[in-house]
Amino acid sequence: MDKVLIARREIFIQAKPSRVWQALTVPAERNKWETRSSEMDVRIGGKIYLEYGWGVKYTGTFKDLIRNEKIITEDDEGNLTTWLIIACDGGCKVVIEYQGEWCGDQGIGMMENMLFGTYQFMENMKSVLESGKDKRGEYWKSWLGILNRTDEVEGAVKVVSVIEATPAEGALIEGDLIYSLNGKSVKNYESFEKASTRIEPGSVVTLHLKRGREDQTIQLKSIPFGTFLTTS
């Protein structure tokens, strides 16, 4: 049996716990910073449905609720998501914890992808609650079409899989180690994703990588996030 792990991110928000609770539990409020559409029956045993776009959805059940303090949901596969709202001077600390079984390059890559996406939404929650600005238009502009993971030993990102009909197909392969993007070091998942997804679609991206023992430089042109190349 795979070991159950806890993945965690947190952020400070200058808002009352009751305001954060509202942002997490009222569908219209959640849509302002995270989801495109959502439905929530906020009671133990009630259902939760979140739709993010790009075919990404979450369905689950509320397992535990302490108003203005804690929300625990369980997805259809039995994985738990916990939100904690911790009051402190000037606002509150908002924590999310995922419980799951992640193993191998594919599993670790998916876990890092989830944490990265979650934290971008948490940053947007902070922006919306503190200033009323929805910053989602600044995120996820482009992509190259790979799933990667942090390789701490190499100080690089490792290509875990290449998605069909994207710029990466035929140019990158599983196991490639990417060290820089447009001349800037990318030592972990987050730095690579920020560098590759916050540029404008159609941007030319230069990657310095190692394939086996061979150093290579590859250029790709980004496309709108979540879209695919078409063939004539």
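Here the structure is shown first, and the text comes after it.
We now turn to the structure provided with this report. Numbers given for residues are sequential positions, taken from 1 along each chain in its written order. The predicted origin of the model limits local features to residues at a pLDDT of at least 70 and limits the giving and counting of side-chain atom pairs to 80 or more, whereas totals for whole chains, interfaces and linings rest on all residues. Side-chain calculation: all heavy atoms of the structure are included, whereas hydrogens and water are not.

**Side note on the nonpolar core**
What is meant by a nonpolar core is a set of buried Ala, Val, Leu, Ile, Met, Phe, Trp, Tyr and Cys residues, joined one to another through side-chain atoms within 4.5 Å. Each residue is placed in one exposure class: buried if its accessible area under a 1.4 Å probe, protein chains only, is under 20% of its type's maximum, exposed if it is over 50%, and partly exposed if it falls in between. Val-20, Leu-24, Trp-33, Trp-83, Val-94 and Met-125 are the most contacted members of the largest nonpolar core, which totals 39 residues. Looking at this core, the elements that each hand over two or more residues are strand 1 (5–13), helix 1 (17–25), strand 3 (47–53), strand 4 (56–66), strand 6 (80–88), strand 7 (91–100) and helix 3 (104–131). Secondary structure follows DSSP: runs of H or I at least 4 residues long count as helices, runs of E at least 2 residues long count as strands, and numbering of each begins at the N terminus. Per-element tally for this core: the top contributor is helix 3, with 10 residues. Core analysis: the second largest hydrophobic core is formed by 17 residues, Val-159, Ala-171, Ile-178 and Phe-192 among them.

**A look at the sheet that holds strand 7**
Pairing between strands is defined by DSSP: at least two bridges between them are needed. Taking strand neighbours across the sheet as the criterion, the seven strands line up as 1-7-6-5-4-3-2 in an open arrangement whose pairing is antiparallel. Of all strands in the sheet, those with a lone pairing partner are strand 1 and strand 2 (37–40), marking the two edges. Between one strand axis and the next, the sheet turns by 20° as a mean value, whatever way the strands run. Looking at chain direction, strand 6 and strand 7 are connected through eight bridges and run antiparallel. Residue pairing for strand 7: Thr-82 is matched across the bridge by Glu-97. A fitted line through C-alpha atoms serves as each axis, taken over the contacting stretch for helices, and the angle formed by two N-to-C directions is quoted from 0 to 180°.

**Here we look at the pairing of strand 10 (residues 156–162)**
Pairing of strand 9 (residues 146–151) with strand 10 involves six bridges; the strand directions are antiparallel. Its bridge partner being in strand 10, Asn-148 is matched across the sheet by Val-159. Between strand 9 and strand 10, which pair antiparallel one after the other, the connecting turn spans four residues, and Gly-155 there sits at a positive phi close to 65°. In the sheet, strand 10 pairs with strand 11 (residues 177–181) via two bridges, with the strands oriented antiparallel.

**Focus: the environment of Tyr-139**
Here Tyr-139 lies in the loop between helix 3 and strand 8 (142–143). Considering only alpha carbons, one finds Tyr-139 and Thr-197, 58 residues apart in sequence, at a separation of 6.7 Å. Discounting residues that sit within four places of it in the chain, Tyr-139 has contacts with Gln-120, Glu-123, Asn-124, Thr-197 and Arg-198. What makes two residues a contact is simply this: any of their non-hydrogen atoms within 4.5 Å.

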